[in-house]
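# Structural overview
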Protein chains: 4
Amino acid sequence: MARIMRLGRVELNVLDLEKSVEYYTKVIGLEETGRMGNSVYLKAWDEFDHHSLILTKTNRAGIAHLAFKVETLDDLAYYERKIEEFGCTTTRISSNTRLAEGEAVHFILPTGHHCELYHEVGFLGTSVGALNPHPWPLEAKGIAPHRLDHCLLTGDDLKTVTRFFIEVLNFRQSERITTVDGEELLGSFLFSTNKAHDLAFVKGPDAKLHHAAFAVDSLHDVFKAADLLSMYEVPFDVTPTRHGITRGQTIYFFDPSGNRNEAFAGGYISYPDMPTITWTEDKIGQGIFYHRRELSESFMKALT
Amino acid sequence: MARIMRLGRVELNVLDLEKSVEYYTKVIGLEETGRMGNSVYLKAWDEFDHHSLILTKTNRAGIAHLAFKVETLDDLAYYERKIEEFGCTTTRISSNTRLAEGEAVHFILPTGHHCELYHEVGFLGTSVGALNPHPWPLEAKGIAPHRLDHCLLTGDDLKTVTRFFIEVLNFRQSERITTVDGEELLGSFLFSTNKAHDLAFVKGPDAKLHHAAFAVDSLHDVFKAADLLSMYEVPFDVTPTRHGITRGQTIYFFDPSGNRNEAFAGGYISYPDMPTITWTEDKIGQGIFYHRRELSESFMKALT
Amino acid sequence: MARIMRLGRVELNVLDLEKSVEYYTKVIGLEETGRMGNSVYLKAWDEFDHHSLILTKTNRAGIAHLAFKVETLDDLAYYERKIEEFGCTTTRISSNTRLAEGEAVHFILPTGHHCELYHEVGFLGTSVGALNPHPWPLEAKGIAPHRLDHCLLTGDDLKTVTRFFIEVLNFRQSERITTVDGEELLGSFLFSTNKAHDLAFVKGPDAKLHHAAFAVDSLHDVFKAADLLSMYEVPFDVTPTRHGITRGQTIYFFDPSGNRNEAFAGGYISYPDMPTITWTEDKIGQGIFYHRRELSESFMKALT
Amino acid sequence: MARIMRLGRVELNVLDLEKSVEYYTKVIGLEETGRMGNSVYLKAWDEFDHHSLILTKTNRAGIAHLAFKVETLDDLAYYERKIEEFGCTTTRISSNTRLAEGEAVHFILPTGHHCELYHEVGFLGTSVGALNPHPWPLEAKGIAPHRLDHCLLTGDDLKTVTRFFIEVLNFRQSERITTVDGEELLGSFLFSTNKAHDLAFVKGPDAKLHHAAFAVDSLHDVFKAADLLSMYEVPFDVTPTRHGITRGQTIYFFDPSGNRNEAFAGGYISYPDMPTITWTEDKIGQGIFYHRRELSESFMKALT
């Protein structure tokens, strides 16, 4: 019974490592858990694995890779075979290529993104522990999200990448954006958990990142995050609003390298048998920004 | 890849059918979707299946059965075999024994509760639909929960029922309450989705219901629900507070037959690899009621 | 001890009376309390006076007059004399010129707006009554604000109008916007209650309305209001955000005639001895929209 | 135009000064602003005066005095005369008898409580300042209330003390609790600002304190305060709920000396012309605790 448990980590390319670490620890409120080479490893307070975010110094911002944690070591071989059958090349990345990581299966998505599956990773535990825990840590700083939540990537062939996730990795599609005639797929929202999305794609250039999202608890926390971003003078893309798609409450803003981040709350509980929700292109405005009801140029164009 | 998708329905025994229907539609805000024999069928606005709650007139309150929806018809046979292997007797309940339901596998839990697995059930869709939907329905009434969330049952042998759910139905245990020496299991919180619990047990008499819970969005909605209950003069068991266990925000109250209901918000995202959280009996107060930090007699004793 | 108790009513000019009444009752959720001539009278559920909003059919949108309720009949004569001493002409408007209203003192503000003071007005009581009341009415519809909260007007000479309100009507200034050198007054926020503002002015053409604001309870209610506006396809000016000025949580949108409305929550408690908060023009962005940190053209230019 | 601006300070008797200071700074989140003799002076982050709370070491908990700030120095003489005319003895307390305080008028309320009026007190400013301020201070700790909000005192003759506040100090009565026949006054809620109460009395022994309340912003903040109190193991009296009276959202808990504190949010805007709301004794349960709908013994009996 192979299963993808979650989007376990994202590696972001950043231009200035120390400035980025300061931003992700002080403003976002992640905890630095290690360093190796040009990379810094971080986790959110409610995550128990060693890291969910890797910041790697390079000369161009963007997403270096994303990786999903599978339930057992055997799942690696199972998915490896299915990926190969789909026509993607896989390679094994050996243990400790990155800090605290076990072996991983690497492949390139139909949209050109580097993706991995893994099961083994160091265990650190959450900040509140597993014995009579408090509901949140007194020492939390900044936005203090619970965890990495999802990524939105861009790509040209959304039908193929959607088919890949559904057929190969057993994801389901919670929502999709289509042209009014239903012919073309402009957006695809995918889940393997019971969250409204674990990964999503919108039409655009291959191999690009639209945003990496962190989960907070409530509208109140989204708003508090927005206040904090203003105090720290972080540039906003989108101020507090609701998504039609996922129903979530959201803000978008940029890390020091221009990678877009989201603080996301809410969203419905998805189930494998839920009917896929369709947004037609003429309603894409309210689909993305339920209040403003129109897209902004920056939201469409700023990609890393 | 068999999987239990969710707690799909609960059948509650009620003493006065019309009074109960009025309560569950006007105060809770469910929608009546059909009647058959002594039973009325209801669903929440955000559920797409035909019903999640069946109210059946009898002369003693309590839970008649609970049922889990599996992902495919084949899963029925798979789980049927595993249940039998565990030593429980299964019987097939034929289609349309109840309204809009397909075939089900029936068995009795080690705690004496009647339980079923099923895959087929009528489809009605949510109140907001699946095409360019609004995030919530303007016409929602009462507490207007999104869905049936979980049940808490009582039983004597929690170790065996926990083992049953983990070994047979592939659940995981998110939290547990034990004696201080760790020897005895006093509470067991189980999930097969990514919610903090889909079903839970506390030590007590077999075959009894502690509560059936409905999911609302936020602390604000829990509080609004509490206001509504006062307006409708519904008896409270527990006024707004937080659980240490699950971290959820909660109120408890009683339906006209004395069955306890909960309106529940929040709770963390669970994952199959999360370490089980342990609450020791000396901290059971904050585990159950994080603010009050002590149990109340009514919460322990009122069972149906 | 004369005192201005509150901004008691606003008369808005509207182009289509029935469409406007439908909007203010169904979307905003006010109650129609009477009609007379070309005018419809409305109140919010938590107001006890006969009306706080008058919609009058004309061929140009805008504000016909605003009126403050004074504590006693004697206060009328007291303020009348002070207004005249300041150099403004006053006239008495006789009882029942408008529905349910007693005598009023009329004058024109230094910014050209028609303003009145009054004490007598019909009493209807709030929707929840004054005997063992519930905290909110079950039958509330739409945004369901508690009350009319404040207006923002535009004018050329903000120093004089501020001096008028402080010296003549005993208001205080909670906040002000000035040029960086402090020479020119670009915005002036005034209160006679303990709210962060009861009336405000920004630099602009005389005799114009920027917006009329209604008070809701919380960020959650601002957000719910925003959802409702999208369901009813009401045009937004500003989606949910925080003001730096007053700290309030806010949305702006337009009635069917183009008059801007605000749903406003929060804001601090003001006191007569509070130091006036100064925003310098270079920080006007965060003063107005604390998250976005820049003004929008529509917010500056759309006036009625 | 004399006016009482606010409840400016409360002096609480505490048994262990250092433990009390630790509690009021770390858990409540006030700032220590000075020490003199056996007293420590504190203010909330959003208060601009030198202090609003004085903790004085004695051997019995309770309220040493409460004091109202008047708008001008002349108001002192005005109220002094009115107090004497009512039949209460006044004495002048000279400047700097306590830290940073100007002259005060002292008198004893008909309920036996020591009360003062004052105008002069040192100015410190809020934590966010008065020039382009952020809406809240990043460095806020603990519950971090905006300000001292109100006190509830007990006394035998509520009619006289109510008459005193209305006739002498120009307060109004927002709400009252009476016997069902309306003959006896059991509770009296009084305001001179536009808050739902600035001071309140319930029937009980003279000269006692029921609680001192601190204002927070929202239900969310009340709940966060409750979480914090559990983390710091502060004893609760009342976990999160709503008051029928004032509609506020509330928790009650005890300082290290047994003085009851409240964290209070919400409550309506009061106006001098609002009809006094009456709660009859048979509905006192929902008046005090809108959800539970019954009084608790601890809430009635624990007084200092």
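Residue positions are given per chain, counting from 1 as you read along its sequence in written order. Here the convention is simple: chains get letters from A, ligands get numbers from 1, in the order in which they are written. Totals for whole chains, interfaces and linings use all residues, but because this is a predicted model, local features are given only for residues with pLDDT of at least 70 and pairs of side-chain atoms are given and counted only at 80 or more. Calculation of side-chain values draws on the structure's entire complement of heavy atoms; hydrogens and water are dropped beforehand.

Under an unreviewed UniProt entry, chain A has the name Metapyrocatechase and belongs to Niallia oryzisoli. UniProt positions are given in the numbering used here, feature names are shortened, and annotations may be inferred rather than shown by experiment. Looking at the Sequence similarities (unreviewed entry) heading of the UniProt record, one finds this comment for chain A: "Belongs to the extradiol ring-cleavage dioxygenase family." What UniProt states about chain A under its Catalytic activity (unreviewed entry) heading is, verbatim, "catechol + O2 = (2Z,4E)-2-hydroxy-6-oxohexa-2,4-dienoate + H(+)".

With that settled, the discussion passes to helix H4 (residues 219–231) of chain D. All names here are of chain D. Each helix is a run of DSSP H or I of at least 4 residues and each strand a run of E of at least 2, with the numbering of both proceeding from the N terminus. By this rule the span expected of a helix is its residue count minus one, scaled by 1.5 Å. With 13 residues, H4 extends 19 Å from end C-alpha to end C-alpha; this agrees with the ideal 18 Å at 1.5 Å per step. With 10 of 13 residues buried, H4 lies mostly within the body of the structure. Along H4, the residues classified as buried are Leu 219, Val 222, Phe 223, Ala 225, Ala 226, Asp 227, Leu 228, Leu 229, Ser 230 and Met 231. Glu 233 lies just past H4 and shows a positive phi near 55 degrees. Under the scheme applied here, a residue whose accessible area is under 20% of the maximum for its type counts as buried, over 50% as exposed, and between as partly exposed, the area being computed with a 1.4 Å probe on protein chains only.

Another point: the environment of B:Ala207. Residues and elements named next belong to chain B. Along the polypeptide, Ala 207 turns up in the loop between strand S12 (199–203) and strand S13 (208–215). Residue Ala 207 is classed as partly exposed on the basis of its relative accessible area of 35%. Linking Ala 207 and Arg 9, residues 198 residues apart in sequence, is a C-alpha distance of 17 Å. In what follows, a contact means two residues having at least one pair of non-hydrogen atoms within 4.5 Å. Those residues in contact with Ala 207 that lie beyond four places of it in its chain are Ile 63, Thr 111, Gly 112, His 113 and Thr 154.

Turning our eyes to something else, we now look at the domain arrangement of chain A. A common way to state how big an interface is: give the accessible area lost once the parts meet. Residues and elements named next belong to chain A. The domains assigned to chain A are domain 1 (4–118) and domain 2 (147–301). Averaged C-alpha coordinates put domain 1 and domain 2 at centres separated by 20 Å. At the interface, 43 residues of domain 1 touch 38 residues of domain 2. When two parts are put together, the accessible area they lose, computed with a 1.4 Å probe and summed over both, is reported as buried area. Both faces combined, the contact of domain 1 with domain 2 buries some 3,100 Å², and carbon together with sulfur accounts for 72% of it. Salt bridges are defined by distance alone: a side-chain nitrogen of Lys or Arg within 4 Å of a carboxyl oxygen of Asp or Glu. The interface formed by domain 1 and domain 2 contains zero salt bridges. Breaking the side of domain 1 that touches domain 2 down by element, the ones donating at least two residues are strand S1 (4–14), helix H1 (17–27), strand S5 (62–70) and helix H2 (73–86). With 10 residues, S1 is the single largest residue contributor to the side of domain 1 that touches domain 2. Think of it as three bins: nonpolar holds Ala, Val, Leu, Ile, Met, Phe, Trp, Tyr, Cys and Pro, charged holds Asp, Glu, Lys and Arg, and polar takes everything else, Gly as well. Its residues assigned to classes, the side of domain 1 that touches domain 2 shows 27 nonpolar, eight polar and eight charged. Here the bounds of each domain stem from an automatic or database domain assignment.

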